[in-house]
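Letter by letter, the chains look like this.
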Amino acid sequence: MTDKIKQLYSKAFPSKRSGNLYSAFSYPTKISPEVIAVFIASHTKPGDVVLDTFGGSGTTGLAALLCANPTDEVINLAKKMNAPAIWGPRHAFIYEISTLGAFISNTMCNPPDPDVFLTEAEKLIDSVQKKLGWMYSAIDPDGNEGVLRHAIWSEILECNSCGYKVSYWDSAVKFNPLSLASNFTCEKCGYQANYSDVKRVTEEYYDRLLNKKIIRKKRVIKRIYGETGNKKWVRDVNEQDNLLLSRIEEEQYSSYVPIEEIKWGDLYRSGYHTGITHAHHFYTKRNLHVLSALWELVNESPKEVRDALKLLILSYNSSHSTLMTRVVVKNNEKDFVVTGAQSGVLYISNLPVEKNIITGLKRKLKTIYKAFLTIYKSDSTVKVINGSSTKMDELSDESVNYVFTDPPFGDYIPYSELNFLNEVWLGKKTNTEQEAIISNSQKKTVNDYQHLMEQVFKEISRVLTPDGKVTVVFHSAKAEVWKALQASYQKAGLSVKLSSVLDKLQGSFKQVTSNITVKGDPLLLLEKNRDRSIQLSFHFNIEEIIGMLILQMKNNGEEITKERIFSRFVNYCLEKNLEVPMDASEFYRIVCRKV
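Just so we're clear, the structure is a prediction, and the values are computed from it rather than from any experiment.

Enquirer: So, the layout of surface pockets: which residues are in play, and what are the values?
Expert: Once rolled over the atoms, a probe with the size of a water molecule shows which space is left empty. By volume, the largest pocket amounts to about 1200 Å³. Lining the largest pocket we find 47 residues, and of these Ser-26, Ser-319, His-320, Gly-340 and Ala-341 sit closest to its centre. Secondary-structure elements contributing two or more residues to the lining of the largest pocket are helix 2 (20-23), strand 5 (145-158), strand 14 (219-228), helix 11 (303-321), strand 17 (337-339) and helix 12 (357-375). Among the elements that take part in the lining of the largest pocket, helix 11 stands out by supplying seven residues, more than any other. Residue composition of the lining of the largest pocket, grouped by class: 15 nonpolar, 23 polar and nine charged.

Shown next, in the form of structure tokens:
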């Protein structure tokens, strides 16, 4: 182990959550390709073989492509971290069990000619604009014809006491200054309650795709945001808007719509998922028409760009085209800020937003085009295998020089359930039998998770060269999950040599909002070592270790938070070959007494 590699792991490693390669497709817990490129270039030499056993959206593959033609950003990052990077082509193998992840990986890592893609994407969007652009027409406040940018819908509330009905918008939204009331007050009888406890009005609706009546939450459109020429405007809904919606309601679907029942699992919530039984229930009828037309017209494009065009459509689909799109209130803003779906969940808010998919794709197109330009014609190669890494038949013994992987974090995110809305359009859903996860709906315990992880690490050990290294990024607030990970790599003959923290500069939704979080993902460097075994007991004072860790973090200029201290504590345990003895919640109570 060289001193430069030790130095690379000596302090927290920054990982941004932006840039064209990162932003081309939203995927939970992903890591910046630029960061992974620095690790690959530091642990391998040109021509070496790199592996990712949990490929996700293919960022390790993108990183391998960057190694052959590093951008200024990658070069500067390596210099900043004093990384012993050697640039040049690598050969990457990406295993990903999910249909969506493998599709994204293969399309991003083996892109078409960017200019051909751009031309065909513009043709596709223009064709749909001509066919269905009328659905996004909107009259501006001056009476001129404009274009809808987005619309805010609202649930309807029913007073638990007197039955009075009112929209959530009219009840909760306050302007000057902008705010959302936290408690409901009935204007008829004065009844008060938290909004989560107030009844929601449902309605009977004839679903033409299912050819039957269903019960769904009633929602009404309340606010229109549009554009006329270069002028943006906003107004309340009017009769013309409702007439347009009625016309769209009568419009027959002229192209393919996937009619797929949702097999709800860990992400189901009876409140905001009321009436949502099939994939198409996540969309307004207007956006479902447009999405369907886009998907069908892709088949008229040249074969070599069809997957890239599907990637473009799906990049906007579940994150921006559904009822999961939302508004948020930000300080000093006079109006709502529109954002996409919350990462890692299938949440539909009280005020779902309907975006203009056509204008949205025009903006997204630029990002994907630039991403393709960045890695097109790289001398590196990337092969994506849509399958489980519990058995990697494509790789021979001792054929891999380096592994960089970001495994599923136990019960943190049910990827197969989350990816459903995109995979129904691809026509192939993930086979969950080998999905490494702790899940009540899949009836997989921590022991099942450990068994699957152990199989993967044994395969890693088999294909890894004797002096090969494995970098693992992992995140959990639960001791039992850390123990499962530790037992998995130990039984495969691997042990921790060095550790660090990957400092994601913006937290994911679940990291920000869950009760117990871990800020900064522990980053482990493993190597083959069959002589070490897990020690099952602690022989040190935890408070003393906390004090030592805080001092080290101060010396490294790291932010001192209980979450980050826990990450460093986990690293300490794993480097010393000790079990992680407690959950983050218990650890935080000790830290609060210490700090």
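Enquirer: Please provide a residue-by-residue account of the sheet that holds strand 3 (residues 91-95), values included.
Expert: Read from one edge of the open sheet, eight strands run 1-22-23-21-20-2-3-19, paired in mixed fashion. Each end of this open sheet is capped by a strand with a single partner; those strands are strand 1 (13-15) and strand 19 (381-385). Each strand axis lies, on average, 25 degrees off the axis of its neighbour in the sheet, ignoring direction. Examined bridge by bridge, strand 21 (residues 464-473) and strand 23 (residues 521-528) share five bridges and lie antiparallel to one another.

Enquirer: Tell me about the environment of Ile-215, and please be specific about residues and values.
Expert: Relative to the assigned elements, Ile-215 resides in strand 13 (residues 212-217). You can call Ile-215 partly exposed: its relative accessible area is 48%. Counting along the chain gives 202 residues from Ile-215 to Glu-417, while the straight-line C-alpha distance between them is 23 Å. Those residues in contact with Ile-215 that sit more than four places away from it in its chain are Thr-202, Glu-203, Glu-204 and Gly-275.

Enquirer: Before we move on, could you go through the packing of aromatic side chains and cite the residues and values that matter?
Expert: This structure, assessed with the given rule, holds 23 aromatic pairs. Ring plane angle 85 degrees and centroid distance 6.3 Å describe the contact between Tyr-256 and Trp-425, whose orientation is recorded as edge-to-face. Highlighted residues: Tyr-256 in the loop between helix 9 (239-250) and helix 10 (285-297) and Trp-425 in helix 14 (residues 420-426), separated in sequence by 169 residues. Take Trp-425: its relative accessible area is 4%, and that puts it in the buried class.

Enquirer: Any chance you could break down a positive patch on the surface for me, citing the residues and the numbers?
Expert: Together, Lys-232, Arg-363, Lys-366 and Lys-370 make up a region of like positive charge exposed at the surface. Ranked by residue count, the leading element in the positive patch is helix 12, at three residues. Tracing the backbone shows Arg-363 in helix 12.

Calculation criteria
- Residues numbered from 1 in each chain as written.
- Predicted model: local features only at pLDDT ≥ 70, side-chain atom pairs only at ≥ 80, totals over all residues.
- Heavy atoms only, no water.
- 1 Å grid on protein atoms, 1.4 Å probe; cavity = no way out; pocket = protein on both sides within 12 Å on 5 of 7 lines; lining within 4 Å.
- Points joined across faces, edges and corners; volume = space filled by probe spheres on them.
- Helix = DSSP H or I, 4+ residues; strand = E, 2+ residues; numbered from the N terminus.
- Nonpolar A, V, L, I, M, F, W, Y, C, P; charged D, E, K, R; others polar.
- Pairing = 2+ DSSP bridges.
- Axes fitted to C-alpha atoms, helices over the stretch in contact; angles between N-to-C directions.
- Buried < 20%, exposed > 50% of the residue type's maximum accessible area, 1.4 Å probe, protein only.
- Contact = heavy atoms within 4.5 Å.
- Phe/Tyr/Trp six-rings, centres within 6.5 Å; stacked < 30°, edge-to-face > 60°.
- Patch = residues over 30% accessible without salt bridge, like charges linked within 9 Å, V, L, I, M, F, W, Y side chains within 5 Å.
- Areas by Shrake-Rupley, 256 points an atom, 1.4 Å probe, with all protein chains shown as cover.
- Salt bridge = Lys/Arg side-chain N within 4 Å of Asp/Glu carboxyl O.
- Lys, Arg positive; Asp, Glu negative; His and termini not counted.
- Charge placed at Lys NZ, Arg CZ, Asp CG, Glu CD.

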